[in-house]
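Breakdown of the fold
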Amino acid sequence: MRRSPTIADVARAAGVSKGTVSFALNDRPGVAPATKARILATAEELGFRPSHRARALSHSRAFALGLVMARPPELLGADPFFPAFIAGVETELAKAGHALLLRVVTGGWAEEAEGYRRLAEDGRVDGVFLTDLRVGTDPRLELLTDLRLPAVTLQLPDGDTPFPAVTLDESSGVAAAVAHLAGLGHRRIAHVAGPQEFVHGCGRRTAWCEALDALGLPPGPEVVGDFTAAGGAIATRRLLGEPEPPTAIVYANDLMAIAGVTVAQELGLRIPDDLSVTGFDDTELSGHVNPPLTTVRVDALGLGRAAAGLLLRHVDQSDAAATGNVGLPPAELVLRKSTAPPPAEPRNT
């Protein structure tokens, strides 16, 4: 059986010491560019692949980042946002030679907190991503500070934060959706919100309320959903069953909007002739439903890449202030065929 090449083989072939090879392979300073290029070319020629375990031991690092998801597995599988976000994270981690450790917990805060403690105490990750920020004081911020575990948050939490964040102006996208509907002549614009314990669910609802007020429109009817298709369907039936049903519905994500379109069609309504619908996320499916969904575009893949890059820098510097936040372009409205002027005559459902 052919022996796998070692770092000593690379050093011998490149005419340098093993320490110099290690510095070059780990992109550490102190190696001349020409020497580094020769070492990398030699390693590639020999088919040398550094041992992840040896690399971790030599640097006292895990070379892995963590993501703890406090959601039921079936909800994660149904939400198209997270696969795209994780793909973006993996794109950046693969280039840096890091791995992503995903942990799904379903037993409440005690189990979630224990998940973070295990990751930190076992040295399995060098930092974590914080998604689904809670409204008010998010207990994970204090926990991770106590554990001395670097983190990056998606969006800014309420109040002060010891960690850098990837920020995205979602409210402008929601405001654009409301303004678009109002411009078409809609005056009764409803909202199917996401969970209000989450910063992003609460933020999108607030943006809808403020947009209506800015346009001089009365508060519309609303139902809080859970970002799932089933939740969107239930919320839509409630709204369309009101004595004065809305002529347009702004949904907090595409999944609930697509389910809402199906419910409306089952009730005999035509989209968009009888009811206009907008979503949020611009998932791949949104452009292929009937009719294609007008929605707010969020680059989940780009969000994952930005978050991974920021966390890698934060881990290397171990200084949140030095790392700083990263702002992404604002969410934008994508016009398709699920919106139109309201019906001329009142309709009954």
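Refer to the preceding data block for the structure.
For clarity, every value in this text was computed on a predicted model and none was experimentally measured.

Moving on, we come to the pairing of strand β3 (residues 127-130). Residues Gly127 and Phe129 of β3 are buried on one face, and the alternating residues Val128 and Leu130, pointing to the opposite face, are buried as well. Strand direction decides the pairing type here: strand β1 (residues 64-69) and β3, joined by 3 bridges, are parallel. Pairing of leucine 65 across the sheet is with glycine 127, part of β3. Inspection of the sheet shows β3 paired to strand β4 (residues 151-154) by 3 bridges, in the parallel sense. When the sheet's bridge partners are listed, leucine 130 is paired in β4 with threonine 153.

Attention shifts here to the packing of aromatic side chains. Counted according to the given criterion, the structure contains 3 aromatic pairs. A centroid spacing of 5.2 Å and a plane angle of 85° characterise the contact between phenylalanine 81 and phenylalanine 82, whose relative ring orientation is edge-to-face. Take phenylalanine 81 and phenylalanine 82: they sit in the same class, and that class is buried. Between phenylalanine 81 and phenylalanine 85, the aromatic rings sit 6.1 Å apart at their centres with planes inclined by 10°, giving stacked as the arrangement. Here phenylalanine 85 and phenylalanine 81 lie together in helix α6 (residues 81-96), a separation of 4 residues that amounts to about one turn. On the accessibility criterion, phenylalanine 81 (15% relative accessible area) is buried. Overall, phenylalanine 85 belongs to the buried group, its relative accessible area being 0%. Connected via pairs of aromatic rings, a cluster forms that spans Phe81, Phe82, Phe85 and Phe129.

Conventions and cut-offs
Residues numbered from 1 in each chain as written. Predicted model: local features only at pLDDT ≥ 70, side-chain atom pairs only at ≥ 80, totals over all residues. Heavy atoms only, no water. Buried < 20%, exposed > 50% of the residue type's maximum accessible area, 1.4 Å probe, protein only. Helix = DSSP H or I, 4+ residues; strand = E, 2+ residues; numbered from the N terminus. Pairing = 2+ DSSP bridges. Phe/Tyr/Trp six-rings, centres within 6.5 Å; stacked < 30°, edge-to-face > 60°.

All quantities given are derived from atomic positions and should not be read as evidence of function.
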